[in-house]
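Residues per chain, in single letters:
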Amino acid sequence: MRSGVSVIIPTHNRVHTLPRALDSVLAQSHAVREIIVIDDGSNDGTPDLMTRHYSNCVYLRQDNRGVSAARNRGIREANGEWLALLDSDDSWMPEKLERQLGRLTALPQLRLCHSEEIWIRNGKRVNAMRKHAKQGGQIFEHCLPLCVISPSAALLHHRLFDDYGGFDEELPACEDYDLWLRICSREAVAFVDEPLVVKYGGHEDQLSRRHWGMDRFRVHALRKLLDTQHLSSGDRLKTLQTLEQKCRILIQGAEKRNAPERAAEYRAVLMRYARELQP
């Protein structure tokens, strides 16, 4: 029988930050059922670290297949009723799970909770921009421009993955944006207005630094949402408008870089939805 919280930590060559993440889970005021570390093909000493210092964790190794495949494997292996995601370069405040479980107990109809967060970039605390503001409730429209729920801040009921599927393994980035759109098109979310997660940025292996033009992955997610999910008429219109905005940005960027084939690709996307986009 499922019970408690399973923590899922994907990692790839982060032996230098993984202990910080793991120690923050072990320091939680609410004990967890299990910690599952999915090593996505590390070659930096991660296996030795786990054997020597964290043998009480479930440690799974696989060939390098990307963060989505690693998270999905952890989700399949987890035994908890609630699943908490944590990136291996982030950490939690000690009361993170306690605060979120308390909020979900008070709002038993909700199955996803996230929280405010602290951002550290290149060793210094930075303030989030207004577009990254967090909130709860019906947040689908808020999710359309960019990802507004950090995986490391999310606590989810395991059945959400049965109902909406897992992370899209075709996406090398913005896989979280894609999942939150699917969930938030149907579900309200709980929110704890306290910084319960510390996110560390500025390092070279961040996905957002590894890939150019993140909007192309968001366009993939928006198209999939339009083609596979039943949206209300209002939400469908907002999704189409966001798709149009992002395609036009990508077309403009492609033209500046003298990439006519790429520009034509996104014009074709707009043509696909032209009838619905007409005023």
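As a reminder, the structure under discussion sits directly above these lines.
Residues numbered from 1 in each chain as written. Predicted model: local features only at pLDDT ≥ 70, side-chain atom pairs only at ≥ 80, totals over all residues. Heavy atoms only, no water.

## A few points about unusual backbone geometry
Argument step 1. Phi is positive for N122, which is not a glycine, with a value near 50°.
Argument step 2. In this fold, N122 is placed in the loop between β6 (112-121) and β7 (124-126).
Argument step 3. On the accessibility criterion, N122 (61% relative accessible area) is exposed.
Argument step 4. One non-glycine residue, C174, adopts positive backbone phi at about 65°.
Argument step 5. The residue C174 is located in the loop between α6 (159-164) and α7 (175-184) in this model. (Helix = DSSP H or I, 4+ residues; strand = E, 2+ residues; numbered from the N terminus. Buried < 20%, exposed > 50% of the residue type's maximum accessible area, 1.4 Å probe, protein only.)

## A look at helix α2 (residues 46-53)
Argument step 1. T46, L49 and M50 are the residues of α2 that are buried. Mapping the buried residues of α2 onto a view down its axis gives an arc of 95°, with all of them on the same face. The exposed set on the far side of α2, more than 90 degrees from its buried face, consists of T51 and R52.
Argument step 2. Those residues of α2 that are buried lie in contact with β1 (5-11), α1 (18-26), β2 (34-40) and β3 (58-62). (Arc of directions from axis to C-beta. Contact = heavy atoms within 4.5 Å.)

## A few points about the side chain of S115
Argument step 1. Topologically, S115 is positioned in strand β6.
Argument step 2. Contact partners of S115, with chain neighbours within four places excluded, come to Q100, K134, A153, F191, V192, E194, L196 and V197.

## Re the pattern of salt bridges
Argument step 1. Scanning the model with the defined rule gives 21 salt bridges in all.
Argument step 2. Close ionic contact of D89 with R14 constitutes a salt bridge, the shortest N to O distance being 3.4 Å. Here R14 lies in the loop between β1 and α1 and D89 lies in the loop between β4 (82-85) and β5 (91-92), a separation of 75 residues in the sequence.
Argument step 3. Two residues, K134 and E117, come together in a salt bridge whose shortest N-O distance is 3.5 Å. Taken together, the residues K134 in the loop between β7 and α5 (140-143) and E117 in strand β6 connect sequence positions 17 residues apart. Exposure class is identical for K134 and E117. Each is buried.
Argument step 4. When salt bridges with common partners are traced through the structure, they connect D168, D178, R182 and K224 into a single cluster. (Salt bridge = Lys/Arg side-chain N within 4 Å of Asp/Glu carboxyl O.)

## Considering the packing of aromatic side chains
Argument step 1. Per the stated rule, a full pass over the model turns up one aromatic pair.
Argument step 2. Between F161 and F167, the ring centres sit 6.5 Å apart and the planes meet at 40°, which makes this aromatic pair tilted. Accessibility classification places F161 together with F167 in one group, the buried group.
Argument step 3. Lying across the ring of Y200, R20 places its NZ or CZ 3.5 Å from the centre.
Argument step 4. Between R272 and the ring centre of Y273, over which it is positioned, the NZ or CZ distance is 4.6 Å. (Phe/Tyr/Trp six-rings, centres within 6.5 Å; stacked < 30°, edge-to-face > 60°. Lys NZ or Arg CZ within 6 Å of the ring centre and 35° of its normal.)

## Remarks on the packing of α1 against α2
Argument step 1. Close contact between α1 and α2 brings their axes to 11 Å; oriented N to C, the two are set at 30°. Crossing geometry of α1 relative to α2 is assigned as right-handed. Across from L18, P19 and L22 in α1, the residues of α2 making contact are T46, L49 and M50.
Argument step 2. Residue composition of the contact of α1 with α2, by class: five nonpolar, one polar and no charged. (Axes fitted to C-alpha atoms, helices over the stretch in contact; angles between N-to-C directions. Left-handed = near helix turned anticlockwise from the far one by under 90°. Nonpolar A, V, L, I, M, F, W, Y, C, P; charged D, E, K, R; others polar.)

## Focus: α7
Residues three or four positions apart in an α-helix share a direction because the helix packs 3.6 residues into each turn.
Argument step 1. Here α7 lies mainly inside the structure; 10 of its 10 residues are buried.
Argument step 2. Residues of α7 that are buried: E175, D176, Y177, D178, L179, W180, L181, R182, I183 and C184.

## A word on the environment of L18
Argument step 1. Of note, L18 is situated in helix α1.
Argument step 2. Separated by 31 residues in sequence, L18 and L49 have C-alpha atoms that sit 9.1 Å apart.
Argument step 3. Contact partners of L18, with chain neighbours within four places excluded, come to I9, T11, V37, T46, L49, M50 and S88.

## Section: the packing of helix α10 (residues 233-256) against helix α11 (residues 260-272)
Argument step 1. Close contact between α10 and α11 brings their axes to 8 Å; oriented N to C, the two are set at 160°. When the axis of α10 is compared with that of α11, the two are roughly antiparallel. As α10 packs across α11, the resulting crossing turns out to be left-handed. Only R262, A263, Y266, R267, V269 and L270 of α11 make contact with α10, whose side of the interface consists of L243, E244, C247, R248, L250, I251, A254 and E255.
Argument step 2. A per-class count over the contact of α10 with α11 returns nine nonpolar, no polar and five charged. (Parallel < 35°, antiparallel > 145°, perpendicular 65-115°, else oblique.)

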